[in-house]
Amino acid sequence: MKNVAILTSGGDAPGMNAAIRAFVRYAIYKELNVFGVERGYDGLINDKMTEMDRRSVSDILQRGGTILKTARSEEFLTVEGQKKAYENLKKRGIEGLCVIGGDGTFTGAKVFSEKFDFPVAGIPGTIDNDLAYTQYTLGFDTAVNTVLDAVNKLRDTMTSHDRVCIVEVMGRRCGDIALYAGVAGGAEAILVPEIEYDVQKLASNIVENYKKGKTSDIIMIAEGAGKAEELSLVLKALTKISTRSIVLGHIQRGGSPTLQDRLLGAKFGVKAVDILLEGKRALVGVDDNTIITIDIDRALAMKKAFDKELYETARILAM
Ligand code: F6P
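Residues numbered from 1 in each chain as written. Predicted model: local features only at pLDDT ≥ 70, side-chain atom pairs only at ≥ 80, totals over all residues. Heavy atoms only, no water.

Visitor: Can you explain unusual backbone geometry? Please cite residues and give values.
Guide: Even without being a glycine, R39 presents a positive backbone phi close to 55 degrees. Topologically, R39 is positioned in the loop between β2 (33-37) and α2 (40-45). Even without glycine at this site, D288 takes up a positive phi of about 55 degrees. Mapped onto the fold, D288 is located in the loop between β10 (281-287) and β11 (290-295). (Helix = DSSP H or I, 4+ residues; strand = E, 2+ residues; numbered from the N terminus.)

Right, here's the structure in full:
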């Protein structure tokens, strides 16, 4: 193998740039030529690839977003789109592809690598932490820290006014951002799509909390579990306590990556090159502080487990 390519696809996540830098520099160290593909799979289809050198990834380690840009490609879902992508890779002599993204990105990579018998390495990059095979995805730690910063600020003002604040966070169908930020931020309740909740019970808990001397309540709600604004109105009506709601939105996707996301980016990038050199089709991940590789089919067949123990701990600590 002489030539490899790298792309980012799906929602961006802090740490993607750290992974791109590591992949490019380690691949060059291994005497490979590296092509950077613009805007995910669309760049493969539209032939937007440029050769990268060590300097093209200077000064990006500390930046959020992705220098390669990203997109969610509709055309890559079609056989014609996949064929165009393959032809564009072939004409440059590219024999291995690294993709950074989430579930959708990996499903595309799986189909492509099967159809054209093409080595593929996948790096998990999404703030959602919704991939079953890896303990953490790139960007999750930074996103949770961004949420925590907001929660700290919200707590100041909510306590001053004896208010309840409903904080809506991202995560698609996964409650991990809400769970981790809820535990670390001392939220009084954490609402996630994985666990059913009862609004009446939530309201009576809030009233009880105030009777016990609490002067503010932070209710963390994952976007997959409901809308902050609607819940705020219902809770106000039920508790007669002043409520406010906030949707943190895309602010969670930006910012300089944390230590964890920079380290994962470096380790994932290096491991992805090794996967391609071995001619495999696999994903990199982390388990118990160790970098792992796993066959793409096996990884995608796994079902994400929700940490019920941590959820229960949060509930007890919030009383
Ligand atoms: O997958 C990352 C994510 O930020 C989700 O948490 C969220 O549901 C979605 O992307 C938002 O997508 P978009 O940037 O297209 O609005």
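Visitor: So what's going on with the domain arrangement of the protein? Residues and values would help.
Guide: Put simply, an interface is often sized by how much accessible area is lost when its parts join up. Taken domain by domain, the protein holds domain 1 (3-139 + 257-301) and domain 2 (142-253). Spacing between the C-alpha centres of domain 1 and domain 2 amounts to 35 Å. With 14 residues of domain 1 in contact, the opposing surface of domain 2 contributes 12 residues. For the pairing of domain 1 and domain 2, the buried interface totals around 1,100 Å² over both sides, and the portion due to carbon and sulfur atoms is 47%. For the salt bridge of D12 with R253, the shortest nitrogen-to-oxygen distance reads 2.7 Å. Counting across the domain 1 and domain 2 interface gives six residue pairs in polar contact (both at pLDDT 80 or more). Looking at the side of domain 1 that touches domain 2 residue by residue, the classes come out as five nonpolar, four polar and five charged. (Domains from an automatic or database assignment. Contact = heavy atoms within 4.5 Å. Buried area = accessible area lost by both parts, 1.4 Å probe. Salt bridge = Lys/Arg side-chain N within 4 Å of Asp/Glu carboxyl O. Polar contact = N/O pair within 3.5 Å; in protein donor to acceptor, adjacent residues only side chain to side chain. Nonpolar A, V, L, I, M, F, W, Y, C, P; charged D, E, K, R; others polar.)

Visitor: Got a sec to walk through the environment of S56? Specific residues and values, please.
Guide: Its location among the elements puts S56 in the loop between β3 (49-52) and α3 (79-91). Owing to a relative accessible area of 32%, S56 belongs among the partly exposed residues under this scheme. C-alpha separation for the pair S56 and M220, spaced 164 residues apart in sequence, amounts to 40 Å. (Buried < 20%, exposed > 50% of the residue type's maximum accessible area, 1.4 Å probe, protein only.)

Visitor: Requested: an account of the nonpolar core, with residues and values cited.
Guide: Of all hydrophobic cores here, the largest spans 57 residues; its most connected members are F23, I123, I190 and M220. When residues of this core are assigned to their parent elements, the largest contribution, eight residues, is made by helix α5 (residues 140-161). Domain assignment of the residues forming this core places at least three in each of domain 1 (3-139 + 257-301) and domain 2 (142-253). If near-sequence neighbours (up to four positions away) are discounted, I123 is found in contact with A19, C98, V99, I100, G101, F106, L138, F268, G269, A272 and V284. Core analysis: the next-biggest nonpolar cluster, separate from the first, contains 27 residues, A5, F76, L89 and F112 among them. (Core = buried A, V, L, I, M, F, W, Y, C linked by side-chain atoms within 4.5 Å.)

Visitor: Explain the environment of T258 to me, and be specific about the residues and the numbers.
Guide: By secondary structure assignment, the location of T258 is in the loop between β9 (243-247) and α9 (259-277). Spatially, the C-alpha atoms of T258 and T159 are 28 Å apart, while their sequence positions differ by 99 residues.

Visitor: Kindly report on the layout of surface pockets, identifying the contributing residues and their values.
Guide: Within this model, the largest pocket holds a volume of roughly 990 Å³. Forming the walls of the largest pocket are 41 residues, and the residues nearest its centre are G102, D103, G104, D130 and R172. Residue assignment for the lining of the largest pocket shows that the elements contributing at least two residues are α4 (103-116) and α10 (296-301). Take the lining of the largest pocket: its biggest share by element is five residues, from α4. Residues lining the lining of the largest pocket come from more than one domain, with at least three contributed by each of domain 1 (3-139 + 257-301) and domain 2 (142-253). Taken as a whole, the second largest pocket spans an internal volume of roughly 540 Å³. Along the walls of the second largest pocket sit 23 residues, with E188, A189, K201, N205 and R315 positioned nearest its centre. Every element with two or more residues in the lining of the second largest pocket is listed here: β7 (189-191), α7 (199-211), β8 (217-222) and α11 (308-317). Take the lining of the second largest pocket: its biggest share by element is six residues, from α7. Along the lines of polarity and charge, the residues of the lining of the second largest pocket split into 13 nonpolar, two polar and eight charged. (1 Å grid on protein atoms, 1.4 Å probe; cavity = no way out; pocket = protein on both sides within 12 Å on 5 of 7 lines; lining within 4 Å. Points joined across faces, edges and corners; volume = space filled by probe spheres on them.)

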